[in-house]
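Coordinate inspection notes
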Amino acid sequence: MNIGGLQKVTLIDYPGKIACTVFTSGCNFRCPFCYSKELVLPEEIKKHPLISEDDFFSFLDSKKGLLDGCVICGGEPTIYGNELVDFCKKIKEKGFLIKLDTNGSNPKVIKKLIPLIDYIAMDIKAPLDKYKEMTGLDCASKIKESIEIIKKSGVDYEFRTTITDHSIEDVLQMAEIISPAKRYCLQRFIDEKETISGKTFKFKEENFEIIKEKIKGLFDVFKIR
Ligand code: SF4
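Position labels on residues start from 1 in each chain and follow its written sequence. With the structure being a predicted model, the display of local features is reserved for residues of pLDDT at least 70 and the display and counting of side-chain atom pairs for 80 or more, all residues being used for whole-chain, interface and lining totals. Hydrogens and waters are ignored; side-chain quantities use all the structure's heavy atoms.

**Some details on the sheet that holds strand S4 (residues 97-102)**
Paired strands are those between which DSSP finds at least two bridges. Strands are runs of DSSP state E lasting at least two residues, helices are runs of H or I lasting at least four, and both sets are numbered from the N terminus onward. Spatial strand order, S1-S2-S3-S4-S5-S6-S7-S8: eight strands in an open sheet with mixed pairing. Two strands lie at the open edges of the sheet, namely strand S1 (3-10) and strand S8 (219-224), each paired on one side alone. Neighbour-to-neighbour, the strand axes of the sheet open up by a mean angle of 15 degrees, direction not taken into account. As judged from the four bridges shared by strand S3 (residues 69-73) and S4, these two strands associate in the parallel manner. Among the inter-strand pairings, Cys 70 is bridged to a residue of S4, identified as Ile 98. Relative to the sheet, helix H3 (residues 53-61) contacts S1, strand S2 (19-24) and S3, its axis offset from that of S1 by approximately 10 degrees. Note on geometry: axes are C-alpha line fits, over the in-contact stretch for helices, and angles between N-to-C directions span 0 to 180 degrees. The contact criterion used throughout is that any non-hydrogen atoms of two residues lie within 4.5 Å.

**Describing a nonpolar patch on the surface**
On the surface, Val 9, Leu 11, Ile 12 and Ile 18 cluster together into a nonpolar patch covering about 420 Å² of accessible area. Tracing the backbone through its elements, the reader meets Leu 11 in the loop between S1 and S2. When its relative accessible area of 64% is taken as the criterion, Leu 11 is described as exposed. Like charges are joined within 9 Å and nonpolar side chains (Val, Leu, Ile, Met, Phe, Trp, Tyr) within 5 Å, but only among residues with over 30% relative accessible area and no salt bridge; these make up the patches. Here the Shrake-Rupley method, with its probe set to 1.4 Å, supplies the accessible areas, and only the displayed protein chains count as covering residues. Salt-bridge detection follows one rule: a side-chain nitrogen of Lys or Arg within 4 Å of a carboxyl oxygen of Asp or Glu. Per-residue accessibility, obtained with a 1.4 Å probe over protein chains only, is compared with the maximum for each type, and a residue is labelled buried under 20%, exposed over 50%, and partly exposed between these values.

**Observations concerning H3**
Given 3.6 residues to a turn, an α-helix orients residues that are three or four positions apart in the same direction. Taken together, the buried positions of H3 are Phe 56, Phe 57, Phe 59 and Leu 60. Down the axis of H3, the buried set is contained in an arc of 155 degrees. They therefore lie on one face. In this structure, H3 carries Asp 54 and Asp 55 as exposed residues pointing more than 90 degrees from its buried face. Considering only its buried residues, H3 is in contact with S1, S2, S3 and helix H4 (82-93). Each C-beta atom gives one direction from the helix axis, and the arc is the one those directions make.

**Considering the site of the ligand**
Neighbouring residues of the ligand: Cys 27, Phe 29, Cys 31, Cys 34, Val 40, Gly 75, Asn 103 and Lys 125. The pocket occupied by the ligand, as judged from atoms lying within 2 Å of grid points, is the largest pocket. Here the residues of the shell around the ligand are counted per class, giving five nonpolar, two polar and one charged. The cutoff for a nearby residue is simple: one of its non-hydrogen atoms must lie within 4 Å of the molecule or strand. Cavities and pockets are found on a 1 Å grid laid over the protein atoms alone: a cavity is a set of points where a 1.4 Å probe fits but cannot escape, a pocket is an open set with protein on both sides within 12 Å along at least five of seven lines, and a lining residue has an atom within 4 Å of such a point. Each molecule is assigned to a cavity or pocket provided more than half of its atoms lie within 2 Å of the corresponding grid points. Charged means Asp, Glu, Lys or Arg here, nonpolar means Ala, Val, Leu, Ile, Met, Phe, Trp, Tyr, Cys or Pro, and polar covers whatever is left, Gly included.

Interpretation note: all reported values are geometric properties and have no functional meaning in isolation.
Written as structure tokens, this is what we have:
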């Protein structure tokens, strides 16, 4: 597995836990709002040194009793298939909790990971009929499958959407795909780095309120952050 980055401590990426975050290189999506060029675009990935798994596990060994868990995000971790499963087994054997951040495009891999992970956050990028347009990959049926696997898994979870140039109707449709569900978070696009498309996005604040009133009852927890 190619590890493109390691954040040694985070208090915000794993709800209620102190964790480290490991960033895997490579992604099968090309979301226009993505600002992780160095983890997504092959020509950018090449420019950055990788962290070996040995070095990562040595780091983890040194954090026993200090960190609760490890967040695995990307890029898209599930493109590594069984390599990711083995990676998670090793983390688990060392006694750490695991949170997986995923774009949901590999339901078979997610299914294999369910016994190993403690929290899963899946991005919902667009209404199903706009997935290809938004991500560059025709994967709507896989997204639907992943949603069902996660909801039935017994693992704590959240679905989340970074709002960019979506319409109100788009957001209502995404809420419909996943509801009823435990947790849904809408994330404001933060204009802090150059995106892979070079575009920036602004969603009207008053539209968040309109959406909130329409969909908050569909979820145990609904947040805008
Ligand atoms: S799925 Fe995530 S990492 Fe991949 S292109 Fe989209 S925002 Fe970037």
